[in-house]
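# Breakdown of the fold
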Amino acid sequence: MAMVYGLVKQHKGFVHLYSEMGQGTTVKIYLPLALEEPVPGGARAAGVAEMLPGGNEVILLVEDDLHLRTVAQRLFEKVGYRVIAAADGAEGLVEYRARAAEIDLVITDMVMPRTSGVQLYEAIRARRGGARV
């Protein structure tokens, strides 16, 4: 629910939650009206390669959800990036320390077991101040 709330707030919306014991819970999400006309065909008309810029840089991807990590890794690799995947912040820090010179960007989940994304960020920045995280 915290993630939903954060996403809705980023888009200048709000969440209304109503709950009654024995009756259940109703969640309503309100988002502002889009004032621009939709693009004909929508984003689905373009292929992944057209939507994302490709590259050959190395990304350290730190995500504790196996399915999300797998999808993200495949997506980045499909457009040319090389991906080093880590299952949590502690593993990500081990990978970063071993391969810092070749890593161009770190993409990390924030809430993970053992070592959080914030702790990982702080450890990387302490080691290499200009690291892109």
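Structural data are supplied above this passage.
Residues numbered from 1 in each chain as written. Predicted model: local features only at pLDDT ≥ 70, side-chain atom pairs only at ≥ 80, totals over all residues. Heavy atoms only, no water.

## Points about the environment of Leu105
Filter applied, for reference: In DSSP terms, a helix is any run of H or I states spanning at least four residues, a strand is any run of E spanning at least two, and both are numbered starting from the N terminus. What makes two residues a contact is simply this: any of their non-hydrogen atoms within 4.5 Å.
Along the chain, Leu105 falls in strand β5 (residues 105-108). Separated by 22 residues in sequence, Leu105 and Val83 place their C-alpha atoms 9.8 Å apart. Dropping the residues within four chain positions of it, Leu105 is found in contact with Val58, Ile59, Leu60, Arg132 and Val133.

## Some thoughts on the sheet that holds strand β3 (residues 58-62)
Pairing between the strands of a sheet is mediated by backbone hydrogen bonds and can be parallel or antiparallel. The condition that has to hold: Strand pairing is defined by DSSP finding a minimum of two bridges between the two strands. Whenever a helix is involved, its axis is fitted only over the stretch in contact; in every case the axis is a line through C-alpha atoms, and angles between N-to-C directions fall within 0 to 180 degrees.
Read from one edge of the open sheet, 3 strands run β4-β3-β5, paired in parallel fashion. Each edge of the sheet is formed by a strand with only one pairing partner; in this case those strands are β4 (82-86) and β5. Each strand axis lies, on average, 20° off the axis of its neighbour in the sheet, ignoring direction. Bridge count between β3 and β4: 5 bridges; the pairing is parallel. Residue pairing for β4: Leu61 is matched across the bridge by Ala85.

## Observations concerning unusual backbone geometry
Rules: A simple rule labels every residue: compare its accessible area, found with a 1.4 Å probe on the protein chains alone, to the largest value its type can have, and call it buried under 20%, exposed over 50%, or partly exposed in between.
A positive phi is found at Lys12, a non-glycine position, where the angle reads about 60°. Judged by relative accessible area, Lys12 falls into the exposed class, the value being 72%.

## Here we look at the side chain of Thr115
Relative to the helices and strands, Thr115 resides in the loop between β5 and α5 (117-127). The buried category is assigned to Thr115, whose relative accessible area is 16%.

## Side note on the pattern of salt bridges
Put simply, the test is: In what follows, salt bridge is the name for a side-chain nitrogen of Lys or Arg lying within 4 Å of a carboxyl oxygen of Asp or Glu.
All told, the structure shown has 3 salt bridges when counted by the stated rule. A salt bridge links Arg114 to Asp88, with the shortest nitrogen-to-oxygen separation between them at 3.1 Å. Separated by 26 residues along the polypeptide, Arg114 in the loop between β5 and α5 and Asp88 in the loop between β4 and α4 (89-99) bring together distant segments of the chain. Taking the relative accessible area as the measure of exposure, Asp88 reaches 9% and is therefore buried. Glu95 is paired through a salt bridge with Arg99; the nearest N and O atoms lie 3.4 Å apart. Here Glu95 and its partner Arg99 are both found in helix α4, 4 residues apart, which amounts to about one turn of the helix.

## Re α4
Note the cut-off: The arc in question is the one spanned by the directions pointing from the helix axis to the C-beta atoms. Any N or O atom pair separated by 3.5 Å or less is treated as a polar contact, with the protein-specific requirement of one donor-capable and one acceptor-capable atom, and with residues adjacent in sequence counted only for side-chain atom pairs.
Among the residues of α4, those classed as buried are Gly89, Ala90, Gly92, Leu93 and Tyr96. Down the axis of α4, the buried side of the element spans an arc of 160°, and every buried residue falls inside it. Facing away from the buried side of α4, by more than 90 degrees, are the exposed residues Val94 and Ala98. Looking at where α4 begins, the residue whose side-chain oxygen comes 3.1 Å from the main-chain nitrogen of Ala90 is Asp88.

## Brief notes about the layout of surface pockets
Think of a ball as big as a water molecule: rolled over the atoms, this probe shows where empty space is left. Operational definition: In this analysis a 1.4 Å probe is tested at points of a 1 Å grid over the protein atoms alone, and where it fits but cannot get out there is a cavity; an open set with protein on both sides within 12 Å along at least five of seven lines is a pocket; lining residues have an atom within 4 Å of a point. Grid points are joined across faces, edges and corners, and a volume is the space filled by probe spheres set on the points. Any residue that is not Ala, Val, Leu, Ile, Met, Phe, Trp, Tyr, Cys, Pro, Asp, Glu, Lys or Arg is counted as polar, Gly included; the first ten are nonpolar and the last four charged.
A volume near 160 Å³ is recorded for the largest pocket. Of the residues assigned to the lining of the largest pocket, the class counts are 3 nonpolar, no polar and 2 charged.

## Digging into the side chain of Asp88
Within the structure, Asp88 has its side chain in polar contact with the backbone nitrogen of Ala90 (distance 3.1 Å). Not counting the four nearest positions on each side in its chain, Asp88 is found in contact with Val62, Met112, Pro113 and Arg114.

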